[in-house]
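# Architecture and fold: a report
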Amino acid sequence: MAGYRFDFHGAALEARGSGALWWAARRVLVVSDLHLGKSARMARRGGALLPPYEGRETLHRLEAEIRATDAACVICLGDSFDDLDAVALPEDEAEWLARLMAGRDWIWIEGNHDPAPIAPGGRNAAELRLDGLVLRHIARPDARAEISGHYHPKARLAGQSRPAFLLDGARVILPAFGAYTGGLDATDPALQDLMGATARAVLTGPAALVMPLPRPARARRG
Amino acid sequence: MPGPCGRPARAYLGPMRALPPILSDWFASRGWGLHPHQAAMLDRARDAATLLIAPTGGGKTLAGFLPTLAELAANPRPGLHTLYISPLKALAADIRRNLTTPLAEMGLPIRVEDRTGDTGTTQRRRQRADPPQILLTTPESLALLLSYEDAPRLFAGLARVIVDEIHALGESRRGDQLMLCLARLQSLAPGLRRVGLSATVEDPEALGRFLAPGGCTILRADPGPAPDIAMLSGAAPPWAGGGGRHAIAEVLAAIRAHRTTVIFHNTRAQAELFFHDLWMANSDGLPIGIHHGSLAREARARVEAAMAAGSLRAVVATGSLDLGIDWGDVDLVIQIGAPRNIKRLVQRIGRANHSYNAPSKARLVPANRFEVLECIAALQAVAEGDLDGEPRPAGPLDVLCQHILLTACAGPFAADALFSEVRRAWPYAALTRADFDACLEFCATGGYALRAYDRWRRLMQRDGRWQLRDPRAARDLRMNIGTIVDTETLKVRLAGRGAALGEVEEAFAATLTPGDTFLMGGQIVRYEGLRDMVVEVSRAPGRVPKVAVFSGTKFATSTQLAARILRLMNDPAASLPAHTAAWLALQRQISRMPEAGRMLVESFPHDGREYACFWGFAGRNAMQTLGLLLTRRMEQAGLAPLGFVASDYATLIWGLGPVTDAAALLDGDGLRDGLEGWLAGNAVMKRTFRTVATIAGLMQRNLPGQRKNGRQATFSSDILYDTLLRHDPGHLMLRITRDEAMRGLVDFSRIEDMLARTEGRIDTLRLDRLPPLAAPLLLEVGKVPVEGAGRARLMAAEAERLLAEAGLSG
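Note that this is a predicted model, so its numbers are computed, not measured.

### Structural notes on the overall build of chain A
Along its length, chain A carries four helices and 16 strands. Among the 222 residues that make up chain A, the fraction classed as buried is 62%. Expressed as a percentage of contacts within chain A between residues at least 6 apart in sequence, the contacts between residues at least 24 apart total 64%.

### Observations concerning the sheet that holds strand β6 (residues 193-198) of chain B
Residues and elements named next belong to chain B. Across the sheet, which stays open at both edges, the seven strands sit in the order β3-β4-β2-β5-β6-β1-β7 with parallel pairing between neighbours. Since the sheet does not close on itself, it has two edges, and those belong to β3 (112-115) and β7 (217-220), each with one partner. Strand after strand, the sheet turns through a mean of 15° between neighbouring axes, direction not considered. Here strand β2 (residues 82-85) pairs with strand β5 (residues 160-163) via four bridges, running parallel. Of the residues in β5, the one forming a bridge with Tyr84 is Ile162.

### Here's the deal with the sheet that holds strand β6 (residues 105-109) of chain A
Hydrogen bonds along the backbone pair up the strands of a sheet, which may run parallel or antiparallel. All names here are of chain A. The strand order across the open sheet built from seven strands is β1-β2-β3-β4-β5-β6-β7, with neighbouring strands paired in mixed fashion. Edge strands, defined here as strands with exactly one partner in the open sheet, are β1 (4-8) and β7 (123-125). When strand polarity is set aside, the average angle formed by the axes of neighbouring strands in this sheet is 25°. Across four bridges, the pairing between strand β4 (residues 28-31) and strand β5 (residues 73-76) is parallel. When the sheet's bridge partners are listed, Val28 is paired in β5 with Cys73. The strands touched by helix α2 (residues 54-69) within the sheet are β3 (21-23), β4, β5 and β6, with β4 carrying the most contacts at an inclination of about 160°.

### Things to note about the pattern of salt bridges
If you walk through the whole model with that rule in mind, you get 44 salt bridges over all chains. Close ionic contact of Arg220 of chain B with Glu205 of chain B constitutes a salt bridge, the shortest N to O distance being 3.3 Å. In this pair, Arg220 of chain B sits in strand β7 while Glu205 of chain B sits in helix α10 (residues 204-211), placing the two residues 15 residues apart along the sequence. Looking at Glu205 of chain B, the relative accessible area reads 40%, which means it is partly exposed. Across the pair Asp763 of chain B and Arg592 of chain B runs a salt bridge whose closest N-O atoms are separated by 3.1 Å. Note that Asp763 of chain B is positioned in strand β25 (residues 762-766) and Arg592 of chain B in the loop between α22 (578-590) and β21 (599-606), a separation of 171 residues in sequence. Classification of Arg592 of chain B by relative accessible area gives partly exposed; the value is 33%. Through salt bridges with shared partners, a single network forms among Glu127, Arg129, Arg136, Arg140, Glu146 and Arg171 of chain A.

### A short note on the pairing of strand β12 (residues 332-336) of chain B
Put simply, side chains in a regular strand alternate between the two faces of the sheet. Residues and elements named next belong to chain B. In terms of burial, β12 is largely enclosed, as five of its five residues are buried. Where burial is concerned, the two faces of β12 agree: the one with Leu332, Ile334 and Ile336 and the one with Val333 and Gln335 are both buried. Pairing analysis gives four bridges linking β12 to strand β13 (residues 361-365), with the strands arranged parallel. Residue pairing for β13: Gln335 is matched across the bridge by Leu364.

### Things to note about α2 of chain A
All names here are of chain A. Between its first and last C-alpha atoms α2 spans 23 Å; for 16 residues at 1.5 Å apiece the expected length is 22 Å, and the two agree. Glu54, Gly55, Glu57, Thr58, Leu59, Leu62, Glu63, Glu65, Ile66 and Thr69 are the residues of α2 that are buried. Two residues or fewer past α2, Asp70 is found with a positive phi of approximately 55°.

### A word on the interface of chain B and chain A
Across the boundary between the two partners, chain B contributes 48 residues, which contact 42 residues of chain A. Between chain B and chain A the total buried area reaches about 4000 Å² when both faces are included, carbon and sulfur atoms providing 63% of it. The salt bridge involving Arg726 of chain B is made with Glu57 of chain A; its shortest N-O contact spans 2.4 Å. Summed over the shared surface of chain B and chain A, the number is six residue pairs in polar contact (both at pLDDT 80 or more). If you list the elements that add at least two residues to the side of chain B that touches chain A, you get α18 (433-445), β19 (523-531), α28 (717-727) and α31 (789-805) of chain B.

About the thresholds
- Residues numbered from 1 in each chain as written.
- Chains lettered and ligands numbered in written order.
- Predicted model: local features only at pLDDT ≥ 70, side-chain atom pairs only at ≥ 80, totals over all residues.
- Heavy atoms only, no water.
- Helix = DSSP H or I, 4+ residues; strand = E, 2+ residues; numbered from the N terminus.
- Buried < 20%, exposed > 50% of the residue type's maximum accessible area, 1.4 Å probe, protein only.
- Contact = heavy atoms within 4.5 Å.
- Pairing = 2+ DSSP bridges.
- Axes fitted to C-alpha atoms, helices over the stretch in contact; angles between N-to-C directions.
- Salt bridge = Lys/Arg side-chain N within 4 Å of Asp/Glu carboxyl O.
- Expected span 1.5 Å × (residues − 1).
- Buried area = accessible area lost by both parts, 1.4 Å probe.
- Polar contact = N/O pair within 3.5 Å; in protein donor to acceptor, adjacent residues only side chain to side chain.

Fair warning: the whole summary comes from geometry, so function is off the table for now.
So, in C-alpha cells, the structure goes:
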C-alpha cells in the first residue's frame, strides 16, 4: 500500500494506507486499537450476536502489513483487546497471533479497554520511549513527539469519510486498525483541541491521501 | 356536526338492523341513518373476516366499530374486546376522541384508550393490568404488547381486531409483521374475528387473502361519482426540473376559488421550494401551511390542527398527509409533478370530497415537459379505471427473525407450534421448515458457520422449548421493535435559540459548508455549523437558497404507467399540448425518440463530464440495477464512471470516458455474469443489508440518545457486511439481503424483460450536447456514486487542491 512519508522529530515515518505506522529505520510497525474479541464481549453481555470474524479479519490485515514491511518489532498502542476477558482468544486466533509474534519484538501498550498487563507473550508497557519519541494510548495535550491512538479518528474528503492519521509537529494520532471499530470525525472538538494550526490528516485507503486537517464548519459562538 | 367517525350519513335512512336500542335511539335523535355498507358490516358481524372497501367520507371507520359497539351495548363486559390498529399514531388518537364523545352521550360503559409510542409508562402498565374494552394502537405497539409475558392473559378474551388503512400496510414489511402478530393473536384468542378497512385497491380479493388466508367476506361501498380530474392547463412547464413553480399564479388562483386545497409534491425539497415561492406570491395573505416528514413534530401538529379546524386555505404537502389525518373540508387536490402511481393518485383525490355524493376534484401540474406525458398517461389510466399494482411477494425472513426473538421475550415456545402459527399468516403461508429453522438458528446462535463459542447464544433450548438465555436481553430486543429503518437524520435548529425547525438527512448535512443556504419549513436558512449532532442555522432573508437535496418519499412510476408513456410518445395521433409536441419534435430532430421494441442510448459531453443515457423504460428499480451493472462493466472497460442516476425510464451515467459501443455493454450474458459478482460489493446491497440486519436484530437500532456521544459511535453496517461476505458468504443475513435486493431494489427480471423486448436492437447515438429528453434526469435525486478509478483520481486532485490552498504543498 502506498504510504505517506513524513519526518517526525528526526524519525522518518510512513503513514500507511492500511492504518499502520511504519518506522523503517528501526523496522518498527505501530498499530492501534485492534479491539480483538469485540464480538465475543458483546455476545457475553447478551447483546447482538455480531459475526465472530473480526479477529481473523484484523489478524489477516496485520499479517499482510508485517509481511509487506518485514517488521522486526510490532508495537500495539493499546485497546488491543476489547476487554481483559477477550485476551483469551479462540484457539485458532491465538495460534495465528503467536505465529505473528514469533521471532519479533512485540510490545503491548496498555489502553483503557485493556489497562492491566496482558499475557499472550511479548512485553507490556504503560508507555514507551524510543529515540526521543513517546508512544502511549491516549494523547496528552502537553506532550511533544508523541504517537498515540485511542480516538479512532476519521476524516472526510470529497464526500468520503475514512479512518485517518492526524499529525502535526507535536503528535501523531493513529486510526483504529481493528475491523469492528467506529470512528470519531476529525472535526470533533476532542481532536481539534489536540491538533495545532498546521495539522494534517492522512486518509487510509488503497493509497494514503494527505490533506489539511478538516476544520469544523464554523467556530462556535460564545 | 359530523357523525362519530365519519360524516353525516343522510343518504340512507334504512332500518337499524342489529343495532341495540341505545345505539339506534342515539342515531335517530340526531337524524342519522346508516350507509348500506355500514348496515352490511352489522349483518356480517359474525363472519370470521371482513374486508370493507370504501371511499373516504363514507363513515368507513364507524362501519368497522359498529359491530363492536352493538355487541358491547347488548352484553357489557370488562376486558379487552376490540383491538383497532392504524398505521399512524395520530389516527389512533383521533379515533379515541371521536368515539369517546358519543359513548359518553349514550351512557355506554365502554372505555376507549389509545396506546402508541407516545403513551406514558404509567398508563401502559395500567392498560396491561386493567385493559379497556377498545384499545387503539399501531402495528409496532401491538408487537410490543405481544412480547410481554402477560400477553396470553391480556388477549384471551379478544373478540375483534380492526385493521384500518390496510391497503397501505399491505404494501410494506409493517404489514408482514402485523399479519404475524394477528396469527399470534388468533392462537391466544381462537374466536377472534378480523376486519380490514381499505381505500380503493386494484385487487380486493388479494387484500382479503392477506388479511385472512382462511377466507374473507368482501364488502364494497358505493364508490360515489367519478372524480373530476384534469390538468391545470396554462403556462408551459420548464424544459427540466421539478417543483412546478411556473404554475404558482394558477395555483394561487385555484386556492382562491376553493375552500381548502391540498397541494401534493413528490419530494420534501420540492415542497419546500414551492411553499417558499407560493408565499412570495401570496399578496392576499391567504393562510397556507406546509406539512412533510422532515418538519418538527410540533410544526406538523400545528398544521394538522389548523386543517381540522378549517382555518387553512391550502396546505403544501408530501406523502406525510396521505394517511388518516383529518383533512377537514378539502375540496381540491393539486398534484404537482407526475403522480408516478395511478392507484395512489386515485386514493389521494378520493379524499377531496367534502360530501360523500359530490365528485372529488383534482388537478395535475406537470413540473417539466416529460411529466406532461406522464400526466396525460395517468389521466387516461384513471379514466379507464386501470389501477396499477404488483402482487406482494412472500414475507421477508428478517421480519420473521424479529418475530421469533419477540416471541421468545414473551416466554418459552415450541418450534413446531410457532412454525404452524407463522404459516397461518398469509405472507408466510409458503414458508419452508428449512427457512424457519434457519431463522431460528440465527436467533439462537447468530447462525455462523464458525461455532467456536459455547456462550455465543441468545436462545437456549430447555425441555424442548426455546427461551432467552438471559432474560435481561428482552429489554434490548423490545427497543429494536419495528420494520421501519430510518435513514440517519440530524435535527436542524436556529443557533442560540434552540427552536427545532426539522431534520435533514445526515448525507445532506455532510455536503454543507458554512454559508450554504437551504430551505426548511419555508424559510431560507444559512448553515452555521454542526454542534452536538445538531445542524445549527441562522435566518438568511432574501438570499437565493442552495437547493435542498434531502429527499422525501419518492414513488416509483408503475410498470403500467411507464408502458403507457412509451406508447404516447410514439403515437402521432396523441393530443399533446403544443409545447410538449414541439419538445418531442426537437428530440426527434436532435436525437431520436425511444421506441417500444428498441433501446436508445444517447452519449454526450456535458459540463466537463461524459454522459450516457440508456432509455430502457423498465421501472426505477430495474433501471437502478442496470446502472450498477453498467458502471461495473464501464469500470472494467476503463471508462472511469463516477456515478449514475436512474428514473423509471432511463439510466443516466456520468464519468471520465465516453460510451461509444453501448451494445457491448448491454450484452445479456455479460450483464448476467456481472450480476453475481456485482451483487457482492455495491452500495444498494449495503443499504439493503443495513435494513435487514437491523430488523433481524443483528444490529441494534441507533437510538437518538446513543448517537450523541459520537466517540463510541456504532461502526458502520458496511463493516459487518464486508466481514460476513468474506468469511461466511452463505450466512442467512446475506441471503435475505440478496433476496430483498433482487425483488425490490434490483428487480433483475425486468432487465431480462427489457433485453428480450429489444433483442439487441440498440441504437447508440453520439451527440455533441445534452439532448432534450435526457435533461430532466440531471435533476433527479438519488444519485449513486461509483467507487473506482474515476473517484480515486478526483479525490487525489481534491486533496492536492486543498493542500495548495492551505499553503501545505510538498
